[in-house]
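Each chain, letter by letter, is given below.
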2 protein chains.
Amino acid sequence: MRAGEKPEISQLPLFREMGDSDRERIFAGSFLQVFPPQLTLFELGQHADFLHVLVDGLVELYASSAGRDTTMRIVEPVSSFILAAVVTDMPYLMSARTLVASRILLVPARLVREMIRQDVSLMEATMRELALGYRDLVRALTDMKLRQSAERLGNLILQQELRQGGTGKVRLRAEKRLLASLLGMTPENLSRAFGVLGQHGVEVDGAQLKITDRAALEAFARPDPVKPDEH
Amino acid sequence: MRAGEKPEISQLPLFREMGDSDRERIFAGSFLQVFPPQLTLFELGQHADFLHVLVDGLVELYASSAGRDTTMRIVEPVSSFILAAVVTDMPYLMSARTLVASRILLVPARLVREMIRQDVSLMEATMRELALGYRDLVRALTDMKLRQSAERLGNLILQQELRQGGTGKVRLRAEKRLLASLLGMTPENLSRAFGVLGQHGVEVDGAQLKITDRAALEAFARPDPVKPDEH
DNA sequence: AGGGCTGATTGATGTTTATCAATCACTGCC
DNA sequence: GGCAGTGATTGATAAACATCAATCAGCCCT
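Computed from a predicted model, the values in this text were never measured in an experiment. (Residues numbered from 1 in each chain as written. Chains lettered and ligands numbered in written order. Predicted model: local features only at pLDDT ≥ 70, side-chain atom pairs only at ≥ 80, totals over all residues. Heavy atoms only, no water.)

Enquirer: Could you clarify how one ought to interpret the side chain of Ser-79 of chain A in this entry?
Expert: All names here are of chain A. Tracing the sequence through the fold places Ser-79 in strand β6 (residues 79–81). Among the residues examined, Ser-79 registers a relative accessible area of 17% and is labelled buried. Only 2.7 Å separates the side chain of Ser-79 from the backbone oxygen of Glu-76, close enough to count as a polar contact. Residues within four places of Ser-79 in sequence aside, it is in contact with Leu-12, His-52, Val-53, Leu-54 and Arg-73. (Helix = DSSP H or I, 4+ residues; strand = E, 2+ residues; numbered from the N terminus. Buried < 20%, exposed > 50% of the residue type's maximum accessible area, 1.4 Å probe, protein only. Polar contact = N/O pair within 3.5 Å; in protein donor to acceptor, adjacent residues only side chain to side chain. Contact = heavy atoms within 4.5 Å.)

Below you can see the structure in the form of structure tokens.
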């Protein structure tokens, strides 16, 4: 592991509060691997052998069933993923692939479970991480059930704008086809949804968006009264 | 609290492994309340003051946004709900109402958090409960994103049949309008979905269903390769 | 037994979304 | 610069789903 990244991983909410020596044991038992773009890291149904921590790059979690597939989450560095499968020692419910070249810390699932039992702070952080993830999914599910596609896009834009500093400008990091899949629609419909939002306070120029009329956008997208949790 | 129900609550995965005296402290600080049917227990956006344990009756968790609303989960006894909001000390993301007269144990959220910090077994059980809940939601979200309505119904029938003993017969406990909302469709479309399944191995007689051709039903509904977790 | 309620079903129609096909815009490459 | 390749967009059509309206079946009344 390089000098620069250990502190960054150590600052993750998941590992931040635990004992230093326990954290060292986790690092010592893990592998930092480099993966090329478009590589499948694991597939749905496999047994969960590693907790993954994306150190650098970009990863897509997706699920497939009945031929179709859909992206469940876009993982940005630095963050861990598929904690729930590791904790429960059960098969993955999602597949993962790199979108770009990525460096990933692989922590053996057995080691994670062992250290959780040993270090209460780690257990508490795990519990909290799972609770926050649970709430994210509740939001995602209600979004999918209650809003139609252009409204979902509007809400995503509002959230991104907040996360990107509240300047009224939003830059889309992911390809639009990926964004479409995340929002549960086709790329064609995403295009049209952007068109719709053009009449509700959003200006689109490629991957660069501008909110020109927040009130109009909010009236259209009706964001949740409860704002997304801070992780 | 009556004599008969304490053991039942104590057998909940959440409380089963913890220390007896800690469990007693939780019970001592909680209230067992009786609620009439159709009563709203709490609403989305409120601060989470209590962990709820449904002892007897039936409760609906639902979310609403933009005028519309949708049921997120039907809670059957004996089980706890709304654990994630309690753990994170954040506002509810769902509302809850009784469907029938219900008895519910209300455990003050502060007390839950305090006892979690004190009793590692309780923390571990909480962690596990959240991880399993997380996985349930992943399944629900992929189901919603990847399958169309009749397929979702088919899968629900297959799951229910398993849970009800694998005899090929399924009895629907909830009203169909509620089932429709849980599946993210209108009651009208649920009716039509039953009609569709009639040609794929399902026989419908009111709330009593029979799977007459499991292979056909599975071919149509394409159940997940990973079976629902045991809780 | 008759009337009124509630939930389920059925049919007709409209909206939303997906699919199919074509074109456009951009990038990298030789 | 020209040209393939990829992703985004646009238009036409079809499928899935919602909505609206009407009817039906069961149930509780008194």
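Enquirer: Teacher, can you tell me more about the domain arrangement of chain A here?
Expert: Residues and elements named next belong to chain A. Taken domain by domain, chain A consists of domain 1 (5–143) and domain 2 (147–221). Computed over C-alpha atoms, the centres of domain 1 and domain 2 are 28 Å apart. With 11 residues of domain 1 at the contact, the number on the domain 2 side is 8 residues. For the salt bridge of Arg-147 with Asp-143, the shortest nitrogen-to-oxygen distance reads 2.6 Å. Counting every contact that joins domain 1 to domain 2 gives 3 residue pairs in polar contact (both at pLDDT 80 or more). Listing elements by their share of the side of domain 1 that touches domain 2, those giving two or more residues are β5 (68–75) and α6 (120–146). Per-element accounting of the side of domain 1 that touches domain 2 gives the leading share, 6 residues, to β5. Classifying every residue of the side of domain 1 that touches domain 2 gives 3 nonpolar, 3 polar and 5 charged. (Domains from an automatic or database assignment. Salt bridge = Lys/Arg side-chain N within 4 Å of Asp/Glu carboxyl O. Nonpolar A, V, L, I, M, F, W, Y, C, P; charged D, E, K, R; others polar.)

Enquirer: Would you mind going over the interface of chain A and chain B with me for this structure?
Expert: The extent of an interface is frequently quoted as the accessible surface area lost upon association of the parts. At the interface, 55 residues of chain A touch 56 residues of chain B. Three residues, Leu-93, Lys-145 and Leu-146 of chain A, lead the burial of chain A against chain B; their summed loss comes to 15% of the area buried on that side. Run the count over chain A and chain B and you get 2 salt bridges. As a salt-bridge pair, Arg-68 of chain B and Glu-151 of chain A come within 3.2 Å of each other at their nearest N and O atoms. Counting across the interface, chain A meets chain B through 18 residue pairs in polar contact (both at pLDDT 80 or more). Of all elements in the fold, only β4 (59–65), β5, α4 (83–88), α5 (109–118), α6 and α8 (176–182) of chain A reach the threshold of two or more residues within the side of chain A that touches chain B. (Buried area = accessible area lost by both parts, 1.4 Å probe.)

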